[in-house]
Amino acid sequence: MTTASTTYNEPYNLARKFATLDLISKGRAGWNVVASWSALEAQNFGLETTLDYETRYARSAEFVEVVKGLWDSWDDGALLFDKAAGRYFDDAKMHVLNHKGQFFKVRGPLNVAGMPQGHPVIVQAGASEQGRELGAATADVIYAISGSREDARAYYADVKERMAKYGRAPDDLKILPALCPVVGRTRGEAQARYDALQALIDPLSGLGSLYSTFGDLSGHPLDGPLPDGTLGRQELRSVSALLVERLKREKPTIRELYLRAGLTGSARIGTPADIADAMQEWFEAEACDGFNITPATLPGGAEDFVEMVVPELRRRGLFRAEYEGRTLRQNLGLRPVTSRYSRERRAAE
Ligand SMILES: Cc1cc2nc3c(=O)[nH]c(=O)nc-3n(C[C@H](O)[C@H](O)[C@H](O)COP(=O)(O)O)c2cc1C
């Protein structure tokens, strides 16, 4: 899974890069589609600040459509390499995209064919109104961030409901909320690990994680309440909505809020059984299709999860013992991709 921006790239280049990665990796390529919210990032690409929300997401939606169109350039079996007949490809199986849109004009075809996955896996991670629509229309996987199980259930149902209008079935998308597992042989050991991690959070980076939502809070006592009416640019709308919701619900101090703002905001602390319980509860409550495991430390946090929690999940029949397939798409339980041209042909039959 590689992140690439739809604001600071051209569709043809990214289509080619991910198609090539899929060939080289024998079908394990995935693209985390981001619309790039950061003003600082924009200043690396000749802009003073990032594009506005609507433009960013509209460009992102068209960008992904063009890339998928380019990935559909060659039907299976299009390349003939028939020296005797002097035919390199079957032009009935080659498609010129000729895309003309608001942001892009792209002729095609792509000069890469035969990707094992058909389409590398498309990941997306937005939860704003625009983010949800883009995910429902285009994503195979969504990295979700949710406060409570009920929030996660509501988000899950909302996004899956939107898919029908794009002719997509709910199973064509896997919603994976972030989960930061802090495991211990006992609850005490796990809590001690968590407290040690929290103690490492420097107030400056803590305030930094609140800046986009609440602006500069550095002039206020950390162990005091957030002053009323302080708002930042909120470039990550869904992340800000989560923090504002937490502020209303829990009335934390500035320090308490930033200690739950970053990675450890999705922490699950406890024994392997405790963490498996939390995962099983969300999964069975249709709050998710699985999890995006985001260990607090590497490699230690990842090793603890694999060595302590995965065996427990397997014991409960909740996690596989063998890979189901060869490609990333197959191992995510996603259906094979049908190209837009074969869908058109089928619709015309
Ligand atoms: C797990 C995860 C990984 C993300 N990775 C990136 C990234 O690498 N680059 C980036 O610009 N944004 C990244 N984002 C931010 C999202 O792309 C998106 O901007 C953010 O979730 C806000 O979405 P919204 O605008 O729909 O509220 C990530 C978000 C999540 C949840």
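All values derive from a computational prediction rather than experimental measurement. Along each chain, the written sequence defines residue order, and numbers are assigned to residues from 1. With pLDDT at 70 or above as the cut-off, local features in this predicted model cover only qualifying residues; side-chain atom pairs require 80 or more to be listed or tallied, and sums for whole chains, interfaces and linings still use all residues. The side-chain figures draw on all heavy atoms in the structure; neither hydrogens nor water molecules are used.

1. Some words on helix α6 (residues 187-199)
Moving on, step 1. Compared with an ideal rise of 1.5 Å per residue, which puts 13 residues at 18 Å, α6 spans 18 Å between its outermost C-alpha atoms and is within 8% of the ideal.
Moving on, step 2. Among all positions in α6, only A190, Y194, L197 and Q198 are buried. The buried residues of α6 occupy one face: seen down the axis, they fall within an arc of 100°.
Moving on, step 3. Residues are treated as being in contact if the distance between any of their heavy atoms lies within 4.5 Å. Here a strand is any run of E in DSSP of at least two residues, a helix any run of H or I of at least four, and the numbering for each starts at the N terminus. Turning to α6, the residues buried within the fold contact β9 (174-183), α9 (254-259) and β10 (267-270). Each residue after the first adds 1.5 Å to the expected span of a helix. Each residue is placed in one exposure class: buried if its accessible area under a 1.4 Å probe, protein chains only, is under 20% of its type's maximum, exposed if it is over 50%, and partly exposed if it falls in between. The arc under discussion is defined with respect to the helix axis, by the directions toward the C-beta atoms.

2. A short note on the pairing of strand β1 (residues 2-5)
Moving on, step 1. Where β1 meets strand β2 (residues 30-34), four bridges bridge the pair, whose relative direction is parallel. When the bridges of β2 are listed, A4 appears paired with V33.
Moving on, step 2. In terms of handedness, the path from β1 via helix α1 (residues 11-24) over to β2 forms a crossover that is right-handed. The pairing criterion is simple: DSSP has to find at least two bridges between the two strands. For the handedness criterion, the strands are oriented away from the viewer, and a crossover whose path from the first strand over the helix to the second runs clockwise is classed as right-handed.

3. Side note on the site of the ligand
Moving on, step 1. The cutoff for a nearby residue is simple: one of its non-hydrogen atoms must lie within 4 Å of the molecule or strand. The full set close to the ligand counts 18 residues, and Y53, Y57, A125, S128 and S238 are the nearest of them.
Moving on, step 2. In protein, a polar contact requires one atom able to donate a hydrogen and another able to accept it; more generally it is a pair of N or O atoms within 3.5 Å, and residues adjacent in sequence count only if both atoms are side-chain atoms. Within the side chain of W37, one N or O atom sits 3.5 Å away from a nitrogen atom of the ligand.
Moving on, step 3. A distance of 2.4 Å separates an oxygen atom of the ligand from a polar side-chain atom of Y53.
Moving on, step 4. Note on areas: Shrake-Rupley, 1.4 Å probe, and residue coverage restricted to the protein chains presented here. Protein contacts shield 79% of the accessible area of the ligand, which totals 620 Å² for the unbound molecule.
Moving on, step 5. Mapped by element, the contributors of at least two residues to the shell around the ligand are β2, α3 (53-71) and α8 (237-250).
Moving on, step 6. Partitioned by chemical class, the residues of the shell around the ligand number nine nonpolar, eight polar and one charged. Each residue receives one of three labels: charged for Asp, Glu, Lys and Arg, nonpolar for Ala, Val, Leu, Ile, Met, Phe, Trp, Tyr, Cys and Pro, and polar for the others, Gly being one of them.

4. Quick look at the packing of aromatic side chains
Moving on, step 1. Classification of ring pairs rests on two measures: the distance between centres of Phe, Tyr or Trp rings, Trp counted by its six-membered ring, which must be within 6.5 Å, and the angle between planes, read as stacked under 30 degrees, edge-to-face over 60 and tilted in between. If you walk through the whole model with that rule in mind, you get nine aromatic pairs.
Moving on, step 2. A centroid spacing of 4.2 Å and a plane angle of 5° characterise the contact between Y8 and F45, whose relative ring orientation is stacked. Residue Y8 is located in the loop between β1 and α1, and its partner F45 is located in the loop between α2 (39-42) and α3; the two are separated by 37 residues in the primary sequence.
Moving on, step 3. With centroids separated by 5.2 Å and ring planes inclined at 85°, the aromatic side chains of F81 and Y88 adopt a geometry described as edge-to-face.
Moving on, step 4. Grouping aromatic residues by their ring pairs yields a cluster made of F18, W31, F63, W71, F103 and F104.
Moving on, step 5. Criterion for a charge above a ring: Lys NZ or Arg CZ within 6 Å of the ring centre, and within 35 degrees of the ring normal. A cation sits over an aromatic face here: R56 above Y53, 4.6 Å from the ring centre.

5. Some thoughts on the packing of helix α7 (residues 203-214) against α8
Each packed pair of helices is defined by two parameters, the angle between the axes and the distance between the axes.
Moving on, step 1. Taken N-terminus to C-terminus, the directions of α7 and α8 make an angle of 95°; their axes are 9 Å apart at the nearest point. In terms of their interaxial angle, α7 and α8 are classed as roughly perpendicular. On α8, the residues that touch S209, L210, S212, T213 and F214 of α7 are S240, L243, V244 and L247.
Moving on, step 2. Taken together, the residues that form the contact of α7 with α8 break down as five nonpolar, four polar and no charged. Lines fitted to the C-alpha atoms define the axes, with helices restricted to the stretch that makes contact. Angles between their N-to-C directions range from 0 to 180 degrees. Just so you know how the angles are binned, under 35 degrees is roughly parallel, over 145 roughly antiparallel, 65 to 115 roughly perpendicular, and the rest oblique.

6. What to know about the pattern of salt bridges
Moving on, step 1. For salt bridges, the criterion is a side-chain nitrogen of Lys or Arg within 4 Å of an Asp or Glu carboxyl oxygen. Applying the stated criterion to the full structure yields 27 salt bridges.
Moving on, step 2. In this structure, K160 and D289 form a salt bridge, with 2.9 Å as the shortest nitrogen-oxygen distance. Placement of the pair is K160 in helix α5 (residues 149-162) and D289 in the loop between α10 (272-284) and β11 (292-293), with a sequence separation of 129 residues.
Moving on, step 3. Relative accessible area serves as the criterion here: at 10%, K160 is assigned to the buried category.
Moving on, step 4. D289 gets classed as partly exposed once you look at its relative accessible area, which sits at 21%.

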